[in-house]
Amino acid sequence: MTWRATVLTLFPEMFPGPLGVSLAGKALASGLWRLEARDIRDSATDRHRSVDDTPAGGGPGMVLRADVLAAAIDAAEPALDRPRLLMSPRGRPLTQSLVAELAAGPGPLIVCGRFEGVDQRVIEARGLQEISIGDYVLSGGEIAAMALIDACVRLLPGVMGKPASGADESFSAGLLEYPQFTRPQAFEGRTIPDILTSGDHAKIAAWRRAEAEALTRLRRPDLWAAIAAGQKAAKGTTDG
Ligand code: SAH
């Protein structure tokens with residue numbers, strides 16, 4: 001089965017957008033993955049095709065209606081075998097390991113919120129898993145969905161040039177990636193570190209590992225602490 005993303009949105013015209021160019025776009029054109037953007041408004045039932053209403057209890061903005069959204073989900077995906085996601089700043093943070101998990105499956109159904117968000121009851125009734133792309137608030141879920149889909153698509157078989165290019169990069173070992181260099185050898189008086197042009201692959205690997213560790217320690221103490229905790233746990237298993 002081809003990996004497939006189904007996106008429920010009020011703005012289907014935003015898709016494929018940036019997913020239609022470069023790596024993801026070429027893969028889409030050649031059928032390595034599929035994208036379906038469905039208009040939530042098609043599931044509205046009243047004369048005005050309304051999809052939102054004012055928040056119960058008061059407050060600013062509008063909330064996406066549970067009945068309309070549930071109908072849109074049901075129309076898009078009667079089967080229960082795919083992950084059902086809701087892009088949401090309250091959600092579980094999107095990480096590379098979650099991306100890898102999603103890329104290995106059949107591909108998700110993704111609901112994009114707008115306005116103040118969606119009625120809580122549809123999240124529960126349709127078992128939507130809330131996913132956040134970071135601690136900031138976007139005006140809608142579409143850009144978040146694109147970020148998630150892009151991260152998944154580049155891991156699909158045949159999408160990236162070399163299968164190894166995904167294994168080595170930031171987060172795959174819990175570390176940030178080492179610095180990269182390419183020609184020219186000298187740029188404004190700065191040269192490429194000698195070791196990288198030495199041809200000694202073991203030394204290059206050790207240098208990259210040390211750089212990745214130093215960078216992670218400095219910039220992301222949270223990731224570094226998680227690695228240290230993991231190593232401690234692994235040691236505990238072998239010791240005990
Ligand atoms: N009032 C809400 C924010 C709504 S923003 C709150 O305070 O939690 C409107 C929509 O944008 C959301 O429903 C969600 O689909 C999307 N969105 C905003 N920020 C996001 C983020 N960091 N990650 C994923 N989706 C986000």
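Residues numbered from 1 in each chain as written. Predicted model: local features only at pLDDT ≥ 70, side-chain atom pairs only at ≥ 80, totals over all residues. Heavy atoms only, no water.

## Side note on the domain arrangement of the chain
In many reports, interface size means the accessible area that the parts give up when they come together.
Now for step 1: Along its sequence, the chain is carved into domain 1 (3-153) and domain 2 (168-239).
Now for step 2: Distance between the C-alpha centres of domain 1 and domain 2: 35 Å. (Domains from an automatic or database assignment.)

## Focus on the environment of alanine 212
Now for step 1: Residue position: alanine 212 is located in helix α6 (residues 201-219).
Now for step 2: Placed 62 residues apart in sequence, alanine 212 and aspartate 150 show a C-alpha to C-alpha distance of 24 Å. (Helix = DSSP H or I, 4+ residues; strand = E, 2+ residues; numbered from the N terminus.)

## Describing unusual backbone geometry
Now for step 1: Residue proline 16 is bonded to the preceding phenylalanine 15 through a cis peptide linkage, with omega at 0°.
Now for step 2: Arginine 183 connects to proline 184 through a cis peptide bond whose omega is 5°.
Now for step 3: Phi at serine 22 takes a positive value of approximately 55°, unusual for a residue other than glycine.
Now for step 4: Inspection of the secondary structure puts serine 22 in helix α1 (residues 22-29).

## Some thoughts on the packing of aromatic side chains
Now for step 1: Under the defined criterion, the tally for this structure stands at one aromatic pair.
Now for step 2: Taking the centre distance of 6.3 Å and the plane angle of 55° together, the rings of tryptophan 3 and tryptophan 33 count as tilted. Placement of tryptophan 3 in strand β1 (residues 3-9) and of tryptophan 33 in strand β2 (residues 33-39) is noted, with a sequence separation of 30 residues between them.
Now for step 3: Looking at tryptophan 3, the relative accessible area reads 5%, which means it is buried.
Now for step 4: Since its relative accessible area comes to 1%, tryptophan 33 is described here as buried. (Phe/Tyr/Trp six-rings, centres within 6.5 Å; stacked < 30°, edge-to-face > 60°. Buried < 20%, exposed > 50% of the residue type's maximum accessible area, 1.4 Å probe, protein only.)

## Some points on the site of the ligand
Now for step 1: Close to the ligand lie 19 residues; Met87, Gly113, Gly134, Tyr136 and Leu138 are nearest.
Now for step 2: Isoleucine 133 is positioned with one of its backbone polar atoms (N or O) 3.1 Å from a nitrogen atom of the ligand.
Now for step 3: Relative to its unbound accessible area of 560 Å², the ligand is 85% covered by the protein chains.
Now for step 4: Put simply, the parts of the chain that give the shell around the ligand at least two residues each are β5 (84-93) and β7 (129-132).
Now for step 5: Per element, the largest residue contribution to the shell around the ligand is three residues, and it comes from β5.
Now for step 6: Its residues placed into classes, the shell around the ligand shows nine nonpolar, eight polar and two charged. (Near = heavy atom within 4 Å. Polar contact = N/O pair within 3.5 Å; in protein donor to acceptor, adjacent residues only side chain to side chain. Areas by Shrake-Rupley, 256 points an atom, 1.4 Å probe, with all protein chains shown as cover. Nonpolar A, V, L, I, M, F, W, Y, C, P; charged D, E, K, R; others polar.)

## Thoughts on the packing of helix α3 (residues 96-104) against helix α5 (residues 142-153)
Now for step 1: Relative orientation of the contacting elements α3 and α5 amounts to 70°, with a least axis distance of 8 Å. Classified by the angle between their axes, α3 and α5 sit roughly perpendicular to one another. The residues of α5 that touch α3, namely those facing Val99, Leu102 and Ala103, are Leu148, Ala151 and Cys152.
Now for step 2: Residues of the contact of α3 with α5, tallied by class, amount to six nonpolar, no polar and no charged. (Axes fitted to C-alpha atoms, helices over the stretch in contact; angles between N-to-C directions. Parallel < 35°, antiparallel > 145°, perpendicular 65-115°, else oblique. Contact = heavy atoms within 4.5 Å.)

## Quick look at α3
Now for step 1: Looking only at α3, the buried set comprises Leu98, Val99, Leu102 and Ala103. Burial along α3 is one-sided: seen end-on, the buried residues are contained in an arc of 135°. What points out from α3, more than 90 degrees from its buried face, is the exposed set Ser97, Glu101 and Ala104.
Now for step 2: Buried-residue contacts for α3 involve β1, β5, β7 and α5. (Arc of directions from axis to C-beta.)

## Let's talk about the pairing of β1
Residues in a regular strand point their side chains to alternate faces of the sheet.
Now for step 1: The buried count for β1 comes to seven of seven residues, which makes it a mostly enclosed element.
Now for step 2: Where burial is concerned, the two faces of β1 agree: the one with Trp3, Ala5, Val7 and Thr9 and the one with Arg4, Thr6 and Leu8 are both buried.
Now for step 3: Bridge count for β1 against β2 is seven bridges, and the pairing is parallel. Within the sheet, the bridge partner assigned to valine 7 lies in β2 and is alanine 37.
Now for step 4: Pairing between β1 and strand β6 (residues 109-112): three bridges, direction parallel. Bridging from a neighbouring strand, leucine 8 pairs with valine 111 of β6. (Pairing = 2+ DSSP bridges.)

## Details of the side chain of threonine 9
Now for step 1: As for its position among the elements, threonine 9 is in strand β1.
Now for step 2: You can call threonine 9 buried: its relative accessible area is 0%.
Now for step 3: Looking at threonine 9, its side chain comes within polar contact range of the main-chain nitrogen of phenylalanine 11, at 2.7 Å.
Now for step 4: Beyond its immediate sequence surroundings of up to four residues, threonine 9 is in contact with Phe15, Arg38, Asp39, Ile40, Cys112 and Glu142.

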